Amino acid sequence: MKIAPSILSADFLNLANELQKIQAAGADIIHLDVMDGHFVPNLTFGLPIIRQIRKMTDIPLDVHLMVTNAEDYLAELIEMKIDYVSFHQETVYHAHRQLAILREKGVKAGIALNPATPVQTLLPIISDLDFVLLMSVDPGFGGQKFLPLVFPKIEILRQNAAKEKLEIEVDGGINSENAKKLSKNGVDILVAGSFIFSKKDYRKQIESLRGNDVQ
Ligand code: DX5
Ligand code: ZN
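On a predicted model such as this, the values are computed, not experimentally measured, just so you know.

Q: Could you give me a rundown of the site of ligand 1, with the residues and numbers involved?
A: Near ligand 1 there are 20 residues, and of these Gly-140, Gly-143, Asp-171, Gly-173 and Ser-194 occur at the shortest range. In this structure, an oxygen atom belonging to ligand 1 sits 2.7 Å away from a side-chain N or O atom of Asp-171. A distance of 2.8 Å is found between an oxygen atom of ligand 1 and a backbone nitrogen or oxygen belonging to Gly-193. When ligand 1 sits alone it has 380 Å² of accessible area, and the protein chains cover 100% of it. Residue assignment for the shell around ligand 1 shows that the elements contributing at least two residues are β2 (30–35), β3 (61–66) and β8 (189–192). Residue contributions to the shell around ligand 1 peak at three residues, all from β2. Counted by class, the shell around ligand 1 contains eight nonpolar, 10 polar and two charged residues.

Now the structure itself:
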């Protein structure tokens, strides 16, 4: 299972340093939450900051678009060679087309689902997806409580994607307790923000999500 720290809970005034520390602590991927103040009631950062992050590191970057106009972001994200890009099913009319635009250029293409959105909405296009991002909180803020309603969603995806190579990513309220169960249920990527960044020892936090104890 890959661990993808979300920098939403990092110290934004020391971002370069935070990025170095989180990589040294063993992060597999860095999760970047783009929020527009419309789709979610919060604002974060956009393409210029992502571009600077891309320049300073080779670690895989995972851009989670919580915006109502995801299609406007795709060309630049492709050009920057972002590794994973997801947009929300609740925001798009033409999910199939947007996935194709990303995949054609070698970007891993994913769709994110809010807790209330049924996973069945993805079944007709499951073979067009590289990954699914299941939200285990309502998006917009770090530090919220994990919603176990993702478990049946994981199972449905696993049943329907048995022969496909589909990565399942879970985002929101992740801690070492639920990480254990999510790993057993076949989750490939775990996003964690406050669980990692609220403590000083990032390596210890990342390892505890993997089920390891570090002294
Ligand atoms: C929430 C974001 C998450 C957030 C997770 O809208 O999509 O990636 O950073 O934060 P925690 O792990 O604190 O729930
Ligand atoms: Zn996210």
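Let's pick the thread back up.
Q: Residues and numbers for the packing of helix α3 (residues 71–79) against helix α4 (residues 95–104), please.
A: At a minimum axis distance of 10 Å, the contact between α3 and α4 shows a crossing angle of 10°. Between α3 and α4, the interaxial angle falls into the category roughly parallel. Of α4, the residues touching α3 (which contributes Glu-71, Leu-74 and Ile-78) are Gln-98, Ile-101 and Leu-102.

Q: Give a description of the coordination of the zinc ion (ligand 2) that names residues and reports values.
A: Each pair of donors in an ideal octahedron of six around a metal sits at 90 or 180 degrees, and each pair in an ideal tetrahedron of four sits at 109.5 degrees. The protein atoms that coordinate the zinc ion (ligand 2) are His-31 (NE2), Asp-33 (OD), His-64 (ND1) and Asp-171 (OD), at distances of 2.1 to 2.3 Å. One can describe the site at the zinc ion (ligand 2) as octahedral: its six donor atoms subtend angles covering 71 to 171° at the metal. For the zinc ion (ligand 2), all donor residues lie on one chain, and their spacing in sequence is H-x1-D-x30-H-x106-D. Of the two residues, His-64 is situated in strand β3 and Asp-171 in strand β7 (residues 167–171); the sequence distance between them amounts to 107 residues. This pair shows no difference in class: His-64 is buried, exactly as Asp-171 is.

About the criteria used
- Sequence positions are assigned chain by chain, starting from 1 and proceeding in written order.
- Just so you know, chain letters begin at A and ligand numbers begin at 1, following the order they were written in.
- Under the rules for a predicted model, residues below a pLDDT of 70 receive no local features and side-chain atom pairs below 80 are neither given nor counted, while totals for whole chains, interfaces and linings still include all residues.
- For side-chain calculations, the full set of non-hydrogen atoms in the structure is used, while hydrogens and water are omitted.
- Being near a molecule or strand, for a residue, means having at least one of its heavy atoms within 4 Å of it.
- Polar contacts, as counted here, are pairs of nitrogen or oxygen atoms within 3.5 Å of one another; within protein the pair requires one atom able to donate a hydrogen and one able to accept it, and residues that are adjacent in sequence qualify only if both atoms are side-chain atoms.
- Working definition of accessibility: Shrake-Rupley area with a 1.4 Å probe, residue cover restricted to the visible protein chains.
- Strands here mean DSSP runs of E at least two residues long; helices mean DSSP runs of H or I at least four residues long; both are numbered from the N terminus.
- Classification convention: Asp, Glu, Lys, Arg as charged; Ala, Val, Leu, Ile, Met, Phe, Trp, Tyr, Cys, Pro as nonpolar; all other residues, Gly among them, as polar.
- For every element, the axis is a line fit to its C-alpha atoms; helices are fit only across the contacting stretch, and the angle between N-to-C directions ranges from 0 to 180 degrees.
- Each angle is binned into one of four classes, with values under 35 degrees roughly parallel, values over 145 roughly antiparallel, values of 65 to 115 roughly perpendicular, and all other values oblique.
- Contact between two residues is taken to exist if any of their heavy atoms lie within 4.5 Å; hydrogens are not considered.
- Donor selection uses N, O and S atoms within 2.8 Å of the metal (3.2 Å for Na, K and Ca). Since no water is included, sites may look incomplete.
- Geometry is assigned from donor-metal-donor angles: four donors are tetrahedral when every angle falls between 85 and 135 degrees, four are square planar and six octahedral when opposite donors sit over 155 degrees apart with all other angles between 65 and 115, and any other arrangement is irregular.
- Between buried and exposed lies partly exposed: a residue is buried under 20% and exposed over 50% of the maximum accessible area for its type, with that area taken using a 1.4 Å probe on protein chains only.

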